[in-house]
Structure formats: structure tokens, C-alpha cells
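Fold and contact review
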Amino acid sequence: MSTRDPDAAVEKAEKMSVLGKTAAAGAQVSAQVGAGVGAGVGKVGEILKEQRLASRLSLRQLADLAGVSNPYLSQIERGLRKPSAEVLNQLAKALRISAEQLYVHAGLMSPDSAAISSTSVEAAVLSDTRLNPSQRQTLLEIHASFIAVNRHVDTARKGD
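Attention here is on the structure that accompanies the text. (Residues numbered from 1 in each chain as written. Predicted model: local features only at pLDDT ≥ 70, side-chain atom pairs only at ≥ 80, totals over all residues. Heavy atoms only, no water.)

Let us now look at the packing of helix α2 (residues 59-66) against helix α4 (residues 85-95). Between α2 and α4, whose axes approach to 8 Å, the crossing angle comes to 115°. Between α2 and α4, the angle is such that the two are roughly perpendicular. Considering how the two elements wind past one another, α2 and α4 form a crossing that is right-handed. Mapping the contact onto sequence places Leu62, Leu65 and Ala66 in α2 and Gln90, Leu91, Ala94 and Leu95 in α4. Across the contact of α2 with α4, the residue classes tally to 6 nonpolar, 1 polar and no charged. (Axes fitted to C-alpha atoms, helices over the stretch in contact; angles between N-to-C directions. Helix = DSSP H or I, 4+ residues; strand = E, 2+ residues; numbered from the N terminus. Parallel < 35°, antiparallel > 145°, perpendicular 65-115°, else oblique. Left-handed = near helix turned anticlockwise from the far one by under 90°. Contact = heavy atoms within 4.5 Å. Nonpolar A, V, L, I, M, F, W, Y, C, P; charged D, E, K, R; others polar.)

Attention now moves to unusual backbone geometry. Residues other than glycine predominantly adopt negative phi, and peptide bonds predominantly adopt the trans conformation. Positive phi is not limited to glycine here, since Arg56 has a value of about 55°. A positive phi angle, near 60°, is found at Arg96, a position not held by glycine. Relative to the helices and strands, Arg96 resides in the loop between α4 and α5 (99-106).

Attention shifts here to the side chain of Arg52. Relative to the assigned elements, Arg52 resides in helix α1 (residues 6-54). What makes Arg52 buried here is its relative accessible area of 8%. (Buried < 20%, exposed > 50% of the residue type's maximum accessible area, 1.4 Å probe, protein only.)

Every buried residue of α2 is listed here: Leu62, Ala63 and Ala66. On an axial view of α2, the arc spanned by its buried residues comes to 100°, and they lie on one face. Exposed and facing more than 90 degrees away from the buried side of α2 are Arg60, Asp64 and Leu65. The positive-phi residue at the C-terminal boundary of α2 is Gly67, with phi of around 75°. (Arc of directions from axis to C-beta.)

Here is the structure:
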């Protein structure tokens, strides 16, 4: 019969307790970090979905226009995947919205960036929760049309 050392059993129990607490703390930190990452990705997905619905496009139609697969776009909208800058650019073009705003929401660009300051109207419209997606889209289209008209007028004046 083997004899057990009571001190060794206590020491082993203490080590297991410390390891368990360390693992639990690590899991908690990991969950907090993961939640932060997921929140940014989810925000981009929410915006993309709102803009897609405002544009009256199905998931399949937007995926075709942007050149991405249906499942991938679905995962982006649900916050399961973080799209690259190139994919965000393709989606922005397909939706006719500012790619810079998508970059900010995806964490690829700082909101203080000089590129964003030129689109502050777009940023304000996209972030205004008092507007529904259709209203946001309409305001963005009106703003874009004014910019296009003014650009045309400025070009004509320079030619004179």
C-alpha cells in the first residue's frame, strides 16, 4: 500500500486553486477584449445593413455589386467578420456612401483624420440616431448632389 504525504496533497490543492483563479481571470480579460473588438465590427455591420436596407438592396444584390460572397457579407453585417479596407471600399462604392466613415467605424481610421473632416456632414448624418436609414440615405444623396453641382459650377468658372 502506498502512503500519501498530506503536505503534498495540500500543496497540490493550493497550486490547482491558483491555476484555476489565473485561468478564470484570463478568460474574463479575454472576454472583455473580445467584446471590445466585436463591438467595433458590429457597428460596421449595423451601418452596412442600414445602408443596404435604405438602398433597397438584398444581401445577394449588394454582395454582387461589391464583388464579395453572400456568406461573407452576412457575417460582416452580423459582426462576425472584420472586413478589410478594400472590402469596405467596395461596399461603400456599391452603397454610394463614404468609405472613410466605414473605415472609422471599422477602426481602420481615426475619426480625427483630415480625410474625415471634409465629410463631416456625412459623419453627422450617419451617426444621427434620430433618423431612420431611409432618411439618412436621402440626406446623403442630397448632400452629394449639391457637392456635384458646385463642383460643376466651379469647373465652369475656372474655364472662363
